[in-house]
Amino acid sequence: MPAADTGLADLDRLPKTETNVISLLDDRGSLADGFAELLTPDQIGQAMRLMLLSRAIDDRVTKLQRLGRAGTYSPVHGQEATVVGSALALDPARDWMVPASREQPAMIRHGLPLDRLLAGYMGKINFSRIPDNVRLLPRNQSIASQLPHAVGLAWALKLRHVAGVVLVYFGDGASSEGDFHEAMNLAGVQSVPLIFVLINNQFAISTPVAKQAAVTNLAVRAAGYGFPGFTVDGNDLFAVYAATQWAVMRALAGGGPTLIEARTYRVGFHNTSDNPKDYRDEVEVTAAVARDPIERLRKYATGVGAWSTDIEIRTMKGIASELESAYLRAVAVPRPGPGDIFEHTAASLSTRVRRQRRQVKGEEDNG
Ligand SMILES: Cc1ncc(C[n+]2csc(CCOP(=O)(O)OP(=O)(O)O)c2C)c(N)n1
């Protein structure tokens, strides 16, 4: 329920399930009383569009990968409410986003142009560079290594007295890495403006979360580092948005970090080189599909007049043409030349790396 003076959802009063999971919008698309004002009809429309765009990107890039025109791709399917709901609580002109590897619609909402996103999967490393005015770090494939970076970024904002927060995404698998615990500790000690969004999609490739952690509630780990942690229904756009908004306001007010565990399910494969049928039960997947975050929001939004079949048809047409033209622009970009990779790794290169660059480019090596 919004607190009277701030318009902000009061965390203690957010409805929770018996297992202490914050939940506002249920599977049938009905919203808990008192939360209808949390998102405007415009924001709901924007969320629907981003979630549908996300699924269209999953489909398109997966096909490109199968055709040999794109590299490895990790789909968002099933996790859309988590990434879109959290991204919508940020101000792209003020806040920073640090992604893991499957938060495509969040990156777009934060300002990454679609053609650059697609170009990244096509190996066009020059063009896929994040524009200077976008407060976004690149996708991260080395599990959990983005977490210490995010702490450093948030600490820098604090030391420089720059208003803003950092939001970092990572998975349940990443929460078993040393980097996660070191980042949580330093974030707590320095009380940095950082929101840890732990996307618990139940799997680290083929390893189920029960084999990652002896606790069933990953959010409790925050207590060991001296800051709040709580769990939200990650398929519930309203719950994710309310929780993230609360954490953002807390961080902006100097309250320090928050850990949000968003409980969801990875419906698709881990990435295009994985076959999940080898390690998980189809019954479980069917149950997850029935909890689809887009369908849930669609039901609610249709019921309150913020969405309709006509709007969806128009939106899907717009998405199809936006994707096609972004793809054509990405295709038209020349492939990077040998040695270009060295231009995107460090501000200045060490002597050894400069020598490697000369070797790769076939230039004469004078030591
Ligand atoms: C440091 C490191 N170790 C191992 C891997 C191989 N690997 C790639 S994805 C992945 C699982 C990640 O699981 P999780 O953090 O839950 O995120 P998800 O992929 O489910 O979104 C692993 C182990 C890696 N990329 N980096």
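Residues numbered from 1 in each chain as written. Predicted model: local features only at pLDDT ≥ 70, side-chain atom pairs only at ≥ 80, totals over all residues.

> Tell me about the overall build of the protein chain, residues and numbers included.
A tally of regular secondary structure across the protein chain gives 11 helices and 8 strands. In terms of C-alpha radius of gyration, the protein chain reaches 21 Å, essentially the compact-globule figure of 21 Å for 367 residues. Considered along the principal axes of its C-alpha atoms, the protein chain spans approximately 70 × 50 × 40 Å. Here the protein chain holds 367 residues, and the buried ones make up 43% of them. Considering only intrachain contacts with a sequence separation of at least 6, the fraction spanning at least 24 residues in the protein chain is 73%. (Helix = DSSP H or I, 4+ residues; strand = E, 2+ residues; numbered from the N terminus. Rg over C-alpha atoms; globule rule 2.2 N^0.38 Å. Buried ≥ 20, exposed ≤ 12 C-beta atoms within 10 Å, placed from the backbone. Contact = placed C-beta atoms within 7 Å.)

> Before we move on, could you go through the pairing of strand β8 (residues 258–263) and cite the residues and values that matter?
Of all 6 residues in β8, 6 are buried, a share of seventy percent or more. Of the two faces of β8, both are covered, the one formed by Thr258, Ile260 and Ala262 as well as the one formed by Leu259, Glu261 and Arg263. The sheet contact formed by strand β4 (residues 194–200) and β8 spans 6 bridges and is parallel. Residue Leu198 lies in a different strand from β8, and its bridge partner there is Glu261. Looking at chain direction, strand β7 (residues 229–233) and β8 are connected through 5 bridges and run parallel. Bridging from a neighbouring strand, Phe230 pairs with Ile260 of β8. Tracing the backbone out of β7, into helix α7 (residues 237–252) and back to the parallel element β8 gives a crossover that is right-handed. (Pairing = 2+ DSSP bridges. Right-handed = clockwise from strand over helix to strand, strands pointing away.)

> Requested: an account of the domain arrangement of the protein chain, with residues and values cited.
Per the domain assignment, the segments making up the protein chain are domain 1 (11–336) and domain 2 (337–367). On the side of domain 2, 4 residues touch domain 1, which itself brings 4 residues to the contact. Across the side of domain 1 that touches domain 2, the residue classes tally to 2 nonpolar, 1 polar and 1 charged. (Domains from an automatic or database assignment. Nonpolar A, V, L, I, M, F, W, Y, C, P; charged D, E, K, R; others polar.)

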